Amino acid sequence: MIGRLNHVAIAVRDLEAASRLYRDTLGASVSAPLAQPEHGVTVVFVELPNTKIEFLEPLGASSPIARFLDKNPDGGIHHVCYEVDDILAARDRLKAGGARVLGDGEPRTGAHGKPVLFLHPKDFNGTLVELEQA
Ligand SMILES: CC[C@H](C(=O)O)C(=O)SCCNC(=O)CCNC(=O)[C@H](O)C(C)(C)COP(=O)(O)OP(=O)(O)OC[C@H]1O[C@@H](n2cnc3c(N)ncnc32)[C@H](O)[C@@H]1OP(=O)(O)O
Ligand SMILES: [Co+2]
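Residues numbered from 1 in each chain as written. Chains lettered and ligands numbered in written order. Predicted model: local features only at pLDDT ≥ 70, side-chain atom pairs only at ≥ 80, totals over all residues. Heavy atoms only, no water.

Going by an unreviewed UniProt entry, the chain carries the name Methylmalonyl-CoA epimerase and comes from Alsobacter ponti. The UniProt entry for the chain carries the following text under Sequence similarities (unreviewed entry): "Belongs to the methylmalonyl-CoA epimerase family." (UniProt positions renumbered as here; feature names shortened; annotations may be inferred.)

Here's what the structure looks like:
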């Protein structure tokens, strides 16, 4: 079912500082900030040869990453994103197996313009899993 690792997401309080750190200290190629109000975050992507790092900063009063940052004030790895060939078939198979799909269970458009879903961290080794339609 799961394919390529599309990205590893790191939640931060200061997107600009994280971008500067990776660009200036690690010599990475970092995208411009992209507000995603429907997801309650602003993101930048660090392009790597084999995957991406997605930095997330809270956007708005009800950001889903707010509590994560309260618990991890320095920031931290927030989720991993795997690609799937058929996100609806993957969702239905996972639900049938008892996994919790977050939100209303319907895929939403993610930062790459593709449908995404999230699986509860408590069902996957304490790790929030995002699935993105390849
Ligand atoms: C623009 C889209 C972009 C993309 O790539 O396309 C994105 O990735 S958007 C990313 C931001 N959106 C989301 O994360 C949506 C899915 N997330 C959620 O719905 C929430 O974050 C949720 C439900 C996973 C956690 O919400 P919250 O932290 O408010 O709830 P709790 O504090 O009650 O947490 C419950 C329980 O889970 C543990 N937890 C929370 N977040 C994480 C995490 N990222 N990784 C691992 N564990 C996590 C939390 O510690 C609680 O555990 P407990 O033992 O009960 O304390
Ligand atoms: Co993501």
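*Asks:* Would you take a moment to explain the confidence of the model for the chain for this structure?
*Replies:* Interpreting fine coordinate detail is not advised for predicted regions of low pLDDT. Mean pLDDT over the chain: 98, with 100% of residues reaching 70 or higher. What the predictor reports for the complex is a pTM of 0.97 with an ipTM of 0.98. (pLDDT = per-residue confidence, 0-100.)

*Asks:* Got a minute to help me understand the coordination of the cobalt ion (ligand 2) in this structure?
*Replies:* Six octahedrally arranged donors around a metal ideally form angles of 90 or 180 degrees; four tetrahedrally arranged donors ideally form angles of 109.5 degrees. The cobalt ion (ligand 2) binds to the protein through His7 (NE2), Glu54 (OE), His79 (NE2) and Glu130 (OE); the donor distances cover 2.1 to 2.4 Å. Around the cobalt ion (ligand 2), the 6 donor atoms are arranged such that angles at the metal cover 79 to 170°; this shape is classified as octahedral. Written as a sequence motif, the donor residues of the cobalt ion (ligand 2) are H-x46-E-x24-H-x50-E. With histidine 7 in strand S1 (residues 2-11) and histidine 79 in strand S6 (residues 76-84), this pair connects stretches of sequence that are 72 residues apart. (Donors = N, O, S within 2.8 Å, 3.2 Å for Na, K, Ca; no water. Tetrahedral: all angles 85-135°; square planar, octahedral: opposite > 155°, others 65-115°. Helix = DSSP H or I, 4+ residues; strand = E, 2+ residues; numbered from the N terminus.)

*Asks:* Looking at this model, I keep getting lost on the site of ligand 1. Mind explaining?
*Replies:* Taken together, 20 residues lie near ligand 1, and Glu54, Arg67, His78, Ala111 and Lys122 sit nearest. Here lysine 122 contributes a side-chain N or O atom positioned 2.7 Å from an oxygen atom of ligand 1. At 3.0 Å, a side-chain N or O of glutamate 130 approaches an oxygen atom of ligand 1. Coverage of ligand 1 by the protein amounts to 74% of the 1100 Å² it exposes when considered alone. Sorting the residues of the shell around ligand 1 by element identifies helix H2 (66-71), S6 and strand S9 (128-133) as the ones contributing at least two each. Here the shell around ligand 1 gets 3 residues from one element, more than from any other, and that element is H2. Grouping the amino acids of the shell around ligand 1 by side-chain chemistry returns 8 nonpolar, 7 polar and 5 charged. (Near = heavy atom within 4 Å. Polar contact = N/O pair within 3.5 Å; in protein donor to acceptor, adjacent residues only side chain to side chain. Areas by Shrake-Rupley, 256 points an atom, 1.4 Å probe, with all protein chains shown as cover. Nonpolar A, V, L, I, M, F, W, Y, C, P; charged D, E, K, R; others polar.)

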